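Listed below, chain by chain, are the residues.
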Amino acid sequence: MPLVTVKIAQTLDGRIATSTGQSQWISGDSSLKLAHELRRDHRAIMVGIGTVLTDDPRLTVRLVEGIDPLRIVVDSRLRIPLTARVLSEDRAANTIVATAESAGPARVDQIRRLGAEVLRLPLAADQTPRRGSATPTARVELNALFAELDRREVQSVLVEGGASLITSLLKQRLVDRLVVVIAPKIIGAGIEWAGNLGVRDLTEAITFSSFETRRSGEDLVFDGQIRK
Ligand SMILES: NC(=O)c1ccc[n+]([C@@H]2O[C@H](COP(=O)([O-])OP(=O)(O)OC[C@H]3O[C@@H](n4cnc5c(N)ncnc54)[C@H](OP(=O)(O)O)[C@@H]3O)[C@@H](O)[C@H]2O)c1
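Described below are features of the structure shown in this document. Bear in mind that the values here come from a model prediction, so they are computed numbers and not experimental data. Residue positions are given per chain, counted from 1 along the sequence in the order it is written. Residue-level local features of this predicted model are given only where pLDDT is at least 70; pairs of side-chain atoms are given and counted only at 80 or more, and the full residue set underlies all totals for whole chains, interfaces and linings. Calculation of side-chain values draws on the structure's entire complement of heavy atoms; hydrogens and water are dropped beforehand.

Any two of the Phe, Tyr and Trp rings considered here, Trp counted by its six-membered ring, make a pair once their centres fall within 6.5 Å; the pair's planes then place it as stacked at under 30 degrees, edge-to-face at over 60, or tilted in between. Counted under the stated rule, the structure contains 2 aromatic pairs. Consider the rings of F208 and F222, whose centres lie 5.0 Å apart with planes at 75 degrees: the pair is edge-to-face. Highlighted residues: F208 in strand 12 (residues 208–216) and F222 in strand 13 (residues 219–226), separated in sequence by 14 residues. Burial classes: relative accessible area under 20% of the type maximum marks a residue as buried, over 50% as exposed, and values in between as partly exposed (1.4 Å probe, protein chains only). By relative accessible area, F222 is classed as buried at 17%. Here a helix means four or more residues in a row that DSSP labels H or I, a strand means two or more in a row labelled E, and each is numbered from the N terminus.

Next comes the structure, spelled out in structure tokens:
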């Protein structure tokens, strides 16, 4: 399986976005540079479709020298807008949209015509219901996605959010390294980066085999290896 790093920028009170979903930019300039260094150092960057719909990121290396990694959007229902920046003319060829085996062929064709790859994968039950729904939902099976990336010799993946994708990865113990940029800001109600992990007893908490902390401009950086 590829090595999976999760990187997030959070406020001091643990939020990755305001209650309206705004997250750009929680961290300062030095930490943005750090984010681009991490992109440069991984073979692929992955985000959930929620992040594409909210932030429309380019997922390129810009603030440092380096080659753009492969871009992966996890999107079970192919909600990605055809105008998304990751599907623009100069980026689509290096973008994979990971979706359901049952994805509608017409929509798949539209995305493929832009130059991106649509990767059809099995779905797995996710206990986090979709907004407005009370029942568990079916989402891209992350183990199947990583197995396919491994087959393609993609050895490292940087996950940049958002909250639902990170929660799924943590719940399935698929994260190797966690980099948290902590900005000296408090925003109160907002979006937390980890949802329900099913931890009821502290002995079940996710812990670290090693970690370091450092400054990045005004921000603090926690960089740890998750204990497996
Ligand atoms: N501060 C930061 O570092 C940072 C970074 C990134 C994003 N953000 C913020 O985070 C927010 C977006 O977070 P989000 O939770 O709404 O969206 P998200 O995690 O980016 O995307 C979640 C969506 O991905 C799809 N998905 C497919 N397979 C999945 C799986 N196995 N597990 C989980 N999701 C899967 C699901 O939609 P389907 O069911 O339709 O497939 C799910 O709703 C935005 O406000 C953004 O600004 C902050």
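What follows continues from the structure just given.
Take the environment of L82 next. Here L82 lies in the loop between strand 4 (70–74) and strand 5 (95–100). In the structure, L82 is positioned 42 residues away from A124 in sequence and 26 Å away in space, judged by C-alpha atoms. If near-sequence neighbours (up to four positions away) are discounted, L82 is found in contact with L87, R107, Q110, I111 and L114. When checking whether two residues touch, look at their non-hydrogen atoms; a contact exists if any pair is within 4.5 Å.

Right, let's get into the pattern of salt bridges. A carboxyl oxygen of Asp or Glu within 4 Å of a side-chain nitrogen of Lys or Arg is what we treat as a salt bridge. This structure, assessed with the given rule, holds 10 salt bridges. For D223, the salt bridge goes to R177, with nearest N and O atoms at 2.8 Å. Residue D223 is located in strand 13, and its partner R177 is located in strand 10 (residues 177–183); the two are separated by 46 residues in the primary sequence. According to the relative accessible area criterion, R177 is partly exposed, its value standing at 22%.

Looking now at the pairing of strand 9 (residues 156–159). Burial along strand 9 is two-sided: the face carrying S156 and L158 and the face carrying V157 and V159 are both buried. Two strands qualify as a pair provided that DSSP identifies no fewer than 2 bridges between them. Note: strand 3 (residues 44–48) against strand 9, 3 bridges, orientation parallel. Along strand 9, the bridge assignment pairs M46 with V159.

Looking now at the environment of K7. With respect to the secondary-structure elements, K7 resides in strand 1 (residues 3–11). Each C-alpha atom of the pair K7 and R200 lies 25 Å from the other, and the pair is 193 residues apart in sequence.

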